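Tertiary structure, described
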Amino acid sequence: MSVFSKIRISKILIVLSIILLSCDDSKKNRNIDDNSNTDSLVVDNNATQNMILDIQKRVAEINVETVPYIFNNAKVAKMEQRLQMVQGNKRLNLLFSYGLELLNAGKTEKSIEIFNELLQAVETQNVQSKNELVYYLKKQLSIAYMRKAEQDNCMANHNEDSCIIPISPKAQHVIKEGAQQSIKLLNELLRLNPNDLECQYLLNIAHMTLGQYPNGVPKKFRIPESHFVNSEKITQFKDIAMELGVAVNLKSGGTCVDDFNSDGYLDIIASSWGFNDQIRYFENDRQGGFIDKTKDAGLEGVTGGLNLRHADYNNDGNLDFIILRGAWLSVYGSIPNSLMRNNGDGTFTDVTVDSGIYSLNPTQTAVWADINLDGWLDLFIANEWSEAKQSYCELFLNNTDGTFTNIAKEAGVTVSGFFKGIASGDVNNDLYPDFYLSNYDGPNTLYLNKTKEFGKPTFEIVENAGVSEPKLSFPTWFFDYNNDGLEDIFVSGYSSSEVLPSEMLLRNIRSNTSEYRPLLYKNNGNNTFTEVSLSTNLKEPAATMGCNFGDLDNDGYLDFYLATGDPDFFSIVPNKMYRNSNGNYFEDVTYSGGFGHIQKGHAIGFGDMDMDGDQDIYAVMGGAVEGDVFRNLLFENPVGNKNNWINIVLEGRKSNRSAIGAKIIITIEENNKERKIYNTVDSGASFGGNSLMAEIGLSQATVIKQLEVKWPLHTKQTSIFKNVAVNQTIKIVEGKEIQKLNLHKLSFKN
């Protein structure tokens, strides 16, 4: 089965076939050279403008009617033209597609009108599989009305509690029509099919929005109150994105949370994957707010990108970032990525062509790592291979002069797959970065770095590592969850057309099944791993898109946040937060902490944005289709600085300037017992963008007995410091002593 047959659109195609939809195949072929290289670029003296024009040219050549998910409004316009020229059954067939596309485009009321017209027509005609078709149309109407309810309330009348379950009184719907109509239809559908778990789940949510849960939901369909009440306790976090002006209201995308202007304070870059969606750059104003510097930074017109990855690739002391494009779209995804160089003067320039990384392969995932420990960051881009678009992975070696060379084949990186995640970590503690590839359409792959000092970069697949699952694999990362000095692997699956996340969730609640759970691979120390998700209390399903990890409460153990981004409108399941309990197991703090957002969640970035010693969280929201937009979130951390902490900025000199791959080992004493805390410098998950500043919780330790830094260089230099004070932000330049950074604590403007 191909990847695209697994995507949710398959359900639509099945129903369309029931009503004998006839497709016009004459427009399915694109007249575009997908193998073209830089020769096709528009000549322009401005590199950024040059890339903008190239992307616009390629997007304009896409046949919008044959590409999945995107161009929903363009598809609507074409269908409206065609509807004027057809009658009878052909019109009914087209009306069905039209109604679906209207919903995808965000034209919800018009979609409801069309579905009602179609429903009335089908009910009065003798059509094949009439009962099944009526059921499906009513189901589409039920979610269309629920989407209208969200638009009327959670969006038009948005507040910080909107769409977070269990729904608080402040977030309950004022305009009730949408939820009421949805409930009416859902009750009809459940009388016909009481086992429809998608309808059962939506019925609970709809009643919540009206303040009618739990009593308003029939007991046999009710989600038990205990599911929400039993969440482990943590102080509730508050979304302050709107007050700070960073609540970008677009589709799914990526984020980078870091210091892009080198003033010591964390800024935010956010993207959305639409080809017309503007990249946004918010600069920390050092007064508790952010300033939109997108235009000043030279980013106006730079668009798209389902994911972003940041690092200082040219060792000039300024953080750069790459925009990744074309994911899910096969041959239609031949849209180049963009490497944005930070010029150090508040502006960015697109240097994709000049750097040598220009290519036309669909992707959403990449990672920066110094594969040969020569002090220069290299770039691994994991592409989406399909029969139609055979895109192999690219491993770009840094030439140390601002350019890269693709050495994937020579280095032994030849495995192909529909890769949705790539993570870098050090499996065997030799400092040389290894890679884990998360494959949506096959087994996952662990590459062990076999490079020798000054030798040619070489990688080998670890055949019996025990890390090939899950099926439909998606985001991933390396971290040392139990502080034993060995980096472990987290990987979460996605969803399929057969089982939506809402059905996964109810299956788990009703029968305690552990299907579709995320997997946690514990490092055994011998290049093999043991899967420990069940023993660490990771038992609930999670159809995850974006995610990341950090330390919510500064206890020195890493927690994580999972964002659920399934494209289907029925998939309004909560994003999930898990707190690490002393490295032994994870506690679900989703509901007590206010993290259970049911709008689509994507890239996650942890970072201490107010410099008060705990990590705040920026979340890029919104779904796949043009109408599935939602405001990004910024959760202010109210709990972490109750424990002690240390923020560490590392600056490589012989090592890469960002110090990506550096290992920090902290020794503390707690309750008269010594323990170590391990932290590796990177931006976190494959679909997220944490700060590269090491933000490390110290629990109740009053002093750091020893702070050790293992620098990512072939010489394996180590810096060791004794008796370091807690609750401060410091900078360590490779080979030098600790420098205290006098960065004042901010109070967010809320």
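All figures in this text were calculated on a predicted structure; none of them were measured in a lab.

Rules behind the numbers
- Residues numbered from 1 in each chain as written.
- Predicted model: local features only at pLDDT ≥ 70, side-chain atom pairs only at ≥ 80, totals over all residues.
- Heavy atoms only, no water.
- Helix = DSSP H or I, 4+ residues; strand = E, 2+ residues; numbered from the N terminus.
- Rg over C-alpha atoms; globule rule 2.2 N^0.38 Å.
- Contact = heavy atoms within 4.5 Å.
- Areas by Shrake-Rupley, 256 points an atom, 1.4 Å probe, with all protein chains shown as cover.
- Lys, Arg positive; Asp, Glu negative; His and termini not counted.
- Charge placed at Lys NZ, Arg CZ, Asp CG, Glu CD.
- Phe/Tyr/Trp six-rings, centres within 6.5 Å; stacked < 30°, edge-to-face > 60°.
- Salt bridge = Lys/Arg side-chain N within 4 Å of Asp/Glu carboxyl O.
- Buried < 20%, exposed > 50% of the residue type's maximum accessible area, 1.4 Å probe, protein only.
- Pairing = 2+ DSSP bridges.
- Axes fitted to C-alpha atoms, helices over the stretch in contact; angles between N-to-C directions.
- UniProt positions renumbered as here; feature names shortened; annotations may be inferred.
- Parallel < 35°, antiparallel > 145°, perpendicular 65-115°, else oblique.
- Left-handed = near helix turned anticlockwise from the far one by under 90°.
- Nonpolar A, V, L, I, M, F, W, Y, C, P; charged D, E, K, R; others polar.
- Core = buried A, V, L, I, M, F, W, Y, C linked by side-chain atoms within 4.5 Å.

Focus on the overall build of the protein chain
For the protein chain, the count of helices and strands is 13 helices and 38 strands. For the protein chain, the C-alpha radius of gyration of 25 Å lies close to 27 Å, the compact-globule estimate for 750 residues. In terms of its C-alpha atoms, the protein chain occupies a principal-axis envelope of roughly 80 × 60 × 50 Å. Sequence-distant contacts in the protein chain: of pairs separated by 6 or more residues, those separated by 24 or more amount to 62%. Surface exposure of the protein chain reaches about 26900 Å², of which carbon and sulfur atoms provide 46%. Charged side chains of the protein chain number 70 positive and 94 negative; the gap between the two group centres comes to 5 Å.

Remarks on the packing of aromatic side chains
With the rule as written, the count across this model stands at 36 aromatic pairs. Taken together, a centroid distance of 5.9 Å and an interplanar angle of 90° make the contact between Tyr213 and Phe228 edge-to-face. Taken as a pair, Tyr213 in the loop between helix H9 (197-209) and helix H10 (226-229) and Phe228 in helix H10 lie far apart in primary sequence, 15 residues in all.

Topic: the pattern of salt bridges
Pairing is possible between side chains of opposite charge, provided their charged atoms come close. Counted according to the given criterion, the structure contains 33 salt bridges. In this structure, Arg579 and Glu587 form a salt bridge, with 2.6 Å as the shortest nitrogen-oxygen distance. In this structure, Arg579 and Glu587 share a single accessibility class: buried. Note that Glu669 and Lys705 form a salt bridge whose closest N and O atoms lie 3.5 Å from each other. Of this pair, Glu669 sits in strand S32 (residues 663-670) while Lys705 sits in strand S35 (residues 703-710), placing them 36 residues apart in sequence. Each of Arg147, Glu150, Lys600 and Asp628 takes part in a single network of salt bridges with overlapping partners.

Let's talk about the sheet that holds strand S24 (residues 559-562)
Taken in spatial order, the four strands of this open sheet run S23-S24-S25-S26, and their pairing is antiparallel. Of all the strands in the sheet, the pair left with one neighbour each is strand S23 (547-550) and strand S26 (585-588). Geometrically, the sheet is characterised by an average inter-axis angle of 25° between neighbouring strands, direction not taken into account. Sheet topology places strand S25 (residues 576-581) next to S26; four bridges connect them, and they run antiparallel. Following the sheet pairing, Ser581 is matched in S26 by Tyr585.

Quick look at the UniProt feature "domain: ASPIC/UnbV" (unreviewed entry) in the protein chain
The positions that UniProt labels "domain: ASPIC/UnbV" (unreviewed entry) are, in the present scheme, residues 659-730. As annotated, residues 659-730 comprises 0% helix and 57% strand, and the C-alpha atoms at either end are separated by 15 Å.

Remarks on the sheet that holds strand S3 (residues 255-258)
Overall, antiparallel pairing links the four strands, which are arranged S3-S4-S5-S6 in an open sheet. Looking at the sheet topology across the chains shown, the edges are occupied by S3 and strand S6 (290-292). The average undirected angle you get between the axes of adjacent strands in this sheet is 15°.

Considering the packing of helix H8 (residues 177-192) against H9
Running from N to C, H8 and H9 cross one another at 150°; their axes reach a closest spacing of 9 Å. In terms of orientation, H8 lies roughly antiparallel with respect to H9. Between H8 and H9 lies a crossing of left-handed hand. Across from Ala179, Ser182, Ile183, Leu186, Asn187, Leu189 and Leu190 in H8, the residues of H9 making contact are Cys199, Gln200, Leu202, Leu203, Ala206, His207 and Thr209. Looking at the contact of H8 with H9 residue by residue, the class counts come to nine nonpolar, five polar and no charged.

Overview of the packing of helix H5 (residues 88-104) against helix H7 (residues 130-155)
When two helices pack together, you describe them by how their axes are tilted relative to each other and by the distance separating the axes. Between H5 and H7, the least distance of the axes is 11 Å, while the angle of their chain directions is 20°. In terms of orientation, H5 lies roughly parallel with respect to H7. When you trace H5 past H7, the crossing you get is left-handed. On the side of H5, the interface is formed by Phe96, Leu100 and Leu103, while H7 contributes Tyr136, Leu137, Gln140, Ile143, Ala144 and Arg147. Across the contact of H5 with H7, the residue classes break down as seven nonpolar, one polar and one charged.

Side note on the nonpolar core
Within the largest apolar cluster, 133 residues are counted, with the highest numbers of intra-cluster contacts made by Tyr201, Tyr618 and Leu634. If near-sequence neighbours (up to four positions away) are discounted, Tyr201 is found in contact with Ile165, Ile223, Ser502, Leu505, Leu506, Ile572, Val573, Pro574 and Ile598. Judged by nonpolar contacts, the second largest core, of 54 residues, contains Ile668, Leu692, Trp711 and Val724.

Considering the side chain of Ser533
With respect to the secondary-structure elements, Ser533 resides in the loop between strand S22 (529-531) and S23. Setting aside residues up to four positions removed in sequence, Ser533 forms contacts with Arg517, Pro518, Leu519, Leu520 and Leu538.

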